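Analysis of the macromolecular model
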Amino acid sequence: MASQIYSRYIPPSKKSSISNVCASNPSTTATPQSPAPTLQPTRKDASASYARYIPDSKAKAERTSTLIVPSIDSTTPKRDRENVGEEPARKRKKGDKFEEQPRKTRESAQDGQERADELDTSVIGVPTSAEAPSKSTGHVSPGLEASQDEGSAGLRKKKNKKEKGPNLRVSASDIQFLPQPAELEGSELGKWRKKKDGQVSKTATGQEEEVVTEGKDGRSRHKRLMEKREKSMKKTEKLAQMTKSESAGGEVEVEDVEEVHIELHNLVPLPQPEPVAEPPILSAATSLPPWLASPIRVLPTATAPFSEIGIDNDISKVLQKRGFSEAFAVQAAVLPLLLPGKLQKPGDVLVSAATGSGKTLAYVLPMVEDISRNQIRKLRGLVIMPTRELVTQAKDICEICASAFPSGSYRTRVKIGTAVGNENLRLEQNMLMNQELLHDPVEYEKLQLRLNKKWENSEEGSDEEILFDEEVVSALPDHIIRHVSKVDILICTPGRLVEHIKSTPGFTLEYIKWLVVDEADKLLDQSFQQWLDVVMAAISVESDLARSMDQVRKVVLSATMTRDVGLLNPLMLYRPKLVVLEGAAKEDSDPLVSQVHFLPALLLESAVKVEDENIKPLYLMELLKRENIISENSSDESTSTSESSDDESSFDGGSSQSSGKSAPDEMQNSESDNPHGVLIFTKSNESAVRLGRLIALLAPSSSLHIGILTSTTPRAARKSTLKSFNAGKVSILVASDLVSRGLDLPNLAHVINYDVSTSLTSYVHRIGRTARAGKRGHAWTLYTATEGRWFWNEIGRSEIVERSSRKIERVNIKADFFEGDQRAKYEEALEELGWEARNSRSKDISA
Ligand SMILES: Nc1ncnc2c1ncn2[C@@H]1O[C@H](COP(=O)(O)OP(=O)(O)OP(=O)(O)O)[C@@H](O)[C@H]1O
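Summary of the structure given here. (Residues numbered from 1 in each chain as written. Predicted model: local features only at pLDDT ≥ 70, side-chain atom pairs only at ≥ 80, totals over all residues. Heavy atoms only, no water.)

Where burial is concerned, the two faces of strand E5 (residues 381–384) agree: the one with Gly381 and Val383 and the one with Leu382 and Ile384 are both buried. Direction of pairing for E5 relative to strand E9 (residues 489–492): parallel, over a ladder of four bridges. Bridge pairing links Val383 to Ile491 in E9. (Buried < 20%, exposed > 50% of the residue type's maximum accessible area, 1.4 Å probe, protein only. Helix = DSSP H or I, 4+ residues; strand = E, 2+ residues; numbered from the N terminus. Pairing = 2+ DSSP bridges.)

With 13 residues, helix H18 (residues 359–371) extends 19 Å between its outermost C-alpha atoms, agreeing within 8% with the 18 Å of an ideal straight helix rising 1.5 Å per residue. With 12 of its 13 residues buried, H18 lies for the most part within the structure. Among the residues making up H18, those that are buried are Lys359, Leu361, Ala362, Tyr363, Val364, Leu365, Pro366, Met367, Val368, Glu369, Asp370 and Ile371. (Expected span 1.5 Å × (residues − 1).)

So, on to the sheet that holds strand E3 (residues 296–298). With parallel pairing, eight strands are arranged side by side in an open sheet as E3-E12-E4-E11-E10-E5-E9-E6. Edge positions in the open sheet fall to E3 and strand E6 (416–419), since each of these has one partner strand only. Going from strand to strand, the sheet's axes swing by 15 degrees on average, the running direction of each strand aside. Packed on one face of the sheet, H18 meets strand E4 (349–352), E5, E9, strand E10 (514–517) and strand E11 (553–558) and runs near 165 degrees to E10. (Axes fitted to C-alpha atoms, helices over the stretch in contact; angles between N-to-C directions. Contact = heavy atoms within 4.5 Å.)

Further remarks concern the environment of Leu603. By the secondary structure assignment, Leu603 is in strand E14 (residues 603–610). Classification of Leu603 by relative accessible area gives buried; the value is 8%. Put simply, Leu603 and Lys775 are 172 residues apart on the chain and 8.2 Å apart in space, counted from C-alpha to C-alpha. Among all residues touching Leu603, those that are not within four sequence positions of it are Ile767, Thr770, Ala771, Gly777, His778 and Ala779.

All right, on to the site of the ligand then. Around the ligand, a shell composed of 19 residues is seen, among which Glu326, Lys359, Thr360, Asp744 and Arg772 lie nearest. Within the side chain of Thr360, a nitrogen or oxygen atom sits 2.6 Å from an oxygen atom of the ligand. Here Arg772 contributes a side-chain N or O atom positioned 2.8 Å from an oxygen atom of the ligand. In isolation the ligand offers 640 Å² of accessible surface; the protein chains occlude 90% of this area. (Near = heavy atom within 4 Å. Polar contact = N/O pair within 3.5 Å; in protein donor to acceptor, adjacent residues only side chain to side chain. Areas by Shrake-Rupley, 256 points an atom, 1.4 Å probe, with all protein chains shown as cover.)

Shown next, in the form of structure tokens:
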């Protein structure tokens, strides 16, 4: 292989020349047929790589550039060339090219001497010496020419090497062709030295002319020269052979040649840094703080009687009466951590538990118990949730618990307030804060002074601050107005809370002892007017930060709890503990089980492929029929256009209450504990409204039992719809993602993702509206061909979703299942829908 590589660098013509010269007879009569010497290059890799890097053209140019010794002069007569060594040199004439040669040769000799000084080998200066005789004769054999080429090239290479570094070695072939300067001293070089010493005469014109003292006879001079040269060549060859045998240098030669090529082309590999050992890959568990990496794990079966986990018997009884017969697993784990007690170490608690597992009671009960011990009313408990529906739900649980703790000599009945966006702020302020008139001349004086100063330097204080003080200073002399909280616990959405902190006089978080963040992953992920910064600043204001953080008990909850420490950091958690409710099937799960989303134990999941997207609503109708949510013959009933459009507003706001009609048979037992009804999720508010109307058109008998829940639905209508659903009067809820989190519909039988969830988290929360509190439930997803891959990869086969046992069931409904009649009715319904949309638009314009 190495020889192959080598052959890339030396064209065959040149190679044969080398072979000839390297052969035992270096004389000028050597023929191209002489056997080539054995070249055994061993350096494989480097040569291989460099061979690749040197473009042919460039390599050729490089090689050509080394041929500085002229080959046989084309001007030399053929006869001369054929009779080398036989025919005497013709007499040189003035002006002949040959006349220049002495000077050239002298210069070359000097140059050679300079090189000899530079280099440490015996070949130094030889190329010039070798040049002189060949030029002087004008005759040279091809073999000699090649050897001279090699010699010249060898010298340059060596010079290069010397310039570039100490790693200089001389190849045997180089040496072979280069006569020693000492040899030449007696021949041409000696002559030129003699000439230099004065043995030259000048012509009349002043031109330098050689005085050949011994040589009137040109023929004898030439003969002598050739003899000397031959002698010199033999000696050189001898020396080369000696060097070869001493160093077994064939291999070294090749290596040298290769190295020269490296330098010529500047393709020396760049020095590489020492490889740095890669640090071992840390598992996620080791990169998390210990409390996150090693959570308190709870099995769903670990339920317990309330009395066994530190709840008074009287309170347990009240809870039982309200349907809480025993503590769910998450409550059994969290309540002991949060209930006030002498042995209880303070510390914050994070809870990650499946949807519908009872997280709300787990924090409400200890908070209410703790706060109800205080005699003076102050805002001590703060619960933050993302939607007003959740606020209402949490308030209901709080009220149940508050009623459980009897007020007496050392207890007060805890008062709960709510604050949600879109409510009248003034009204809300009045509900939250009270004003008391106090006779306090000293404080009155101070306030007056402060207010006057602010007016004088009005640019220093904002109008808001002035207003604040005005509201504290009474119009009655020596009296001040004191703002006191009307509530002990405030349940609110983050945006409205910030509004109260900033603009409600006397509203303060200074006394907060409980801070609860429910649906934490959603709330912490969204800034909501930088609510967290504002709240944390308001909690720690005017008090020692460390003390405050220690004294405020923080509870953070979600079914899809974030493990992002960056998101949790602003909460300034104090001695946190993470409680994770595991899936029923997993007892030996991974330590990082807390990363996994556990689905409710009795939840069944199905997915229906929609083969023809154009008739997707028909797939939905088919599911509703199969699950007896609408009756088979519901579509036979006719509904007039005018009735339909009148109904729209009513079903949006909970039509069943006003309709007076009864629901279909399968909906009659809704007030029993049997799961019933369906919650259908769409991708937007508009889609929800349109789909609700379309269902009503396709199944007119169910039109009065359809409710819409979107962010654009008026709050009263939403409240009414939920009430109707719980009463069994509404059985079909069509919603946007607004209600995907936290909404508690205790007996909801089905969730249908009419539009596929946009994330796994959204999916977990959506389907978590069913199978709550240990009940059964069924979640369906309609997916189109384009959504299928994403759905199955991200949701169906997700590794961070823990299903109790089953996988998602595939349900096949062929597109041709839908008969012509069904399709025709569907077309009609679409037309009707279009007509209604146009009609309402024109009404809006005329209004
Ligand atoms: N100990 C209990 N016994 C009976 N029912 C309970 C108990 N605790 C809670 N529930 C009921 O379970 C249902 C779900 O509770 P809750 O809304 O607190 O769940 P969650 O874990 O907060 O769910 P999500 O994550 O969806 O908000 C509610 O209807 C609640 O009344």
